[in-house]
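A closer look at the structure
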Amino acid sequence: MKLHIFILVFLFLIPAVLAAISKYLLRSVIALLVCSVGLTLLLFNLNAPLAGVFELSVCSGLISVLFINIISLTQPLSGDEEVSKVKNHYQRFLALPFLIIFIGIILWFNQDSLFGTLVIQKVSENATVGEILWRTRGLDLIGQVIILLVGVYGIVTLFRRGKSNE
Amino acid sequence: MNNFFGIDFITVILVICIGLYTLLLAKNMIRMLIGYELMTKGVTLAFISAGNANGRIALSQTLVITMIVVEVVSIATALAIVMLIQKKNHSLNIRKLTNLKG
């Protein structure tokens, strides 16, 4: 396997971890920006230059500007929240690097059994949309299902009761 | 299956895990949106990897461009809502959104 693929993957993954665990929001957004640049390089490597250009201009450009704008417009946390945040921040995210390494090792050593089942089938030219979706775009559907689950989790988070109010 | 396909999907799963972890543990609404962004980056890579693997990279690129446009709109709307909530509640903490509680 080529070394540059590993370098690109690390250029994508390490800023992603930093964006998640960084204590300050501005640093998180900058890490997200670098993560977008890493993804752009991966997309170029996968022969998708147009998607790469969109990712670079929109995600690392426009979305980062939006995030920084909102951070500058919103007020910092109150005194109590700031103290609690500093105390608990790294404790909450302490497990993340270990979890990522653990999942990565499991996936790396089981990739043939896991991804070997994801066979992409050929479909005829006059196939229906359903056939194309389920036979060739099955991998994308997994991602879409995950995003739908995230939406459900977001709604649950918005409407659940806080511990202090029970 | 080539090795590159495998490492791509390992990366996709790891990035989605990082985003999901951030969503589950973050209390700050902006950080939750950063987690959402990380997950959509994973899905973008999944689209392109699948397209590259089955030789339909053009179709994948069109889908990704559409997804990026939708992503920008959703993030912009979400950030606007976050700003309004912050103005009303003077906090970005999602646990304090209990105004609708009966």
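Scroll up a little and you will see the structure.
Read on for an overview of the structure. (Residues numbered from 1 in each chain as written. Chains lettered and ligands numbered in written order. Predicted model: local features only at pLDDT ≥ 70, side-chain atom pairs only at ≥ 80, totals over all residues. Heavy atoms only, no water.)

This part takes up the overall build of chain A. Counting secondary structure elements, chain A contains eight helices and zero strands. The order of α-helices and β-strands along chain A, N terminus first, is α-α-α-α-α-α-α-α. Counting over 166 residues, chain A shows a buried share of 37%. Of the accessible surface of chain A, which amounts to about 10000 Å², a share of 70% is contributed by carbon and sulfur atoms. (Helix = DSSP H or I, 4+ residues; strand = E, 2+ residues; numbered from the N terminus. Buried < 20%, exposed > 50% of the residue type's maximum accessible area, 1.4 Å probe, protein only. Areas by Shrake-Rupley, 256 points an atom, 1.4 Å probe, with all protein chains shown as cover.)

Turning our attention to the pattern of salt bridges. Counted under the stated rule, the structure contains two salt bridges over all chains. The salt bridge involving Glu55 of chain A is made with Lys41 of chain B; its shortest N-O contact spans 3.1 Å. Separated into two different chains, Glu55 of chain A in helix H3 (residues 49–73) and Lys41 of chain B in helix H2 (residues 29–54) make up a pair that spans both. Comparing Glu55 of chain A with Lys41 of chain B, the two get one shared label, buried. One salt bridge connects Glu37 of chain B with Lys41 of chain B, and the closest N-O pair in it is separated by 3.4 Å. (Salt bridge = Lys/Arg side-chain N within 4 Å of Asp/Glu carboxyl O.)

Quick look at the interface of chain B and chain A now. At the interface, 75 residues of chain B touch 77 residues of chain A. Each partner contributes to the roughly 6900 Å² buried at the junction of chain B and chain A, and carbon and sulfur atoms together form 76% of this total. Ranking the residues of chain B by area buried against chain A places Tyr21, Arg31 and Lys41 of chain B at the top, with a combined share of 10%. Run the count over chain B and chain A and you get one salt bridge. There are eight residue pairs in polar contact (both at pLDDT 80 or more) connecting chain B and chain A. Within the residue set of the side of chain B that touches chain A, elements represented by two or more residues are helix H1 (3–25), H2 and helix H3 (57–89) of chain B. For the side of chain B that touches chain A, the leading source of residues is H2 of chain B, giving 23 residues. (Contact = heavy atoms within 4.5 Å. Buried area = accessible area lost by both parts, 1.4 Å probe. Polar contact = N/O pair within 3.5 Å; in protein donor to acceptor, adjacent residues only side chain to side chain.)

Turning next to the packing of helix H1 (residues 3–21) of chain A against helix H2 (residues 25–45) of chain A. Residues and elements named next belong to chain A. With their axes 7 Å apart at the nearest point, H1 and H2 run at an angle of 155° to one another. Classed by the angle they form, the pair H1 and H2 counts as roughly antiparallel. Crossing of H1 over H2 shows left-handed handedness. When H1 is examined against H2, the residues His4, Ile5, Leu8, Val9, Leu11, Phe12, Pro15, Ala16, Leu18 and Ala19 are found in contact with a partner set consisting of Ser28, Ala31, Leu32, Val34, Cys35, Gly38, Leu39, Leu41, Leu42 and Asn45. (Axes fitted to C-alpha atoms, helices over the stretch in contact; angles between N-to-C directions. Parallel < 35°, antiparallel > 145°, perpendicular 65-115°, else oblique. Left-handed = near helix turned anticlockwise from the far one by under 90°.)

Geometric descriptors of this kind do not, in isolation, establish any biological role.
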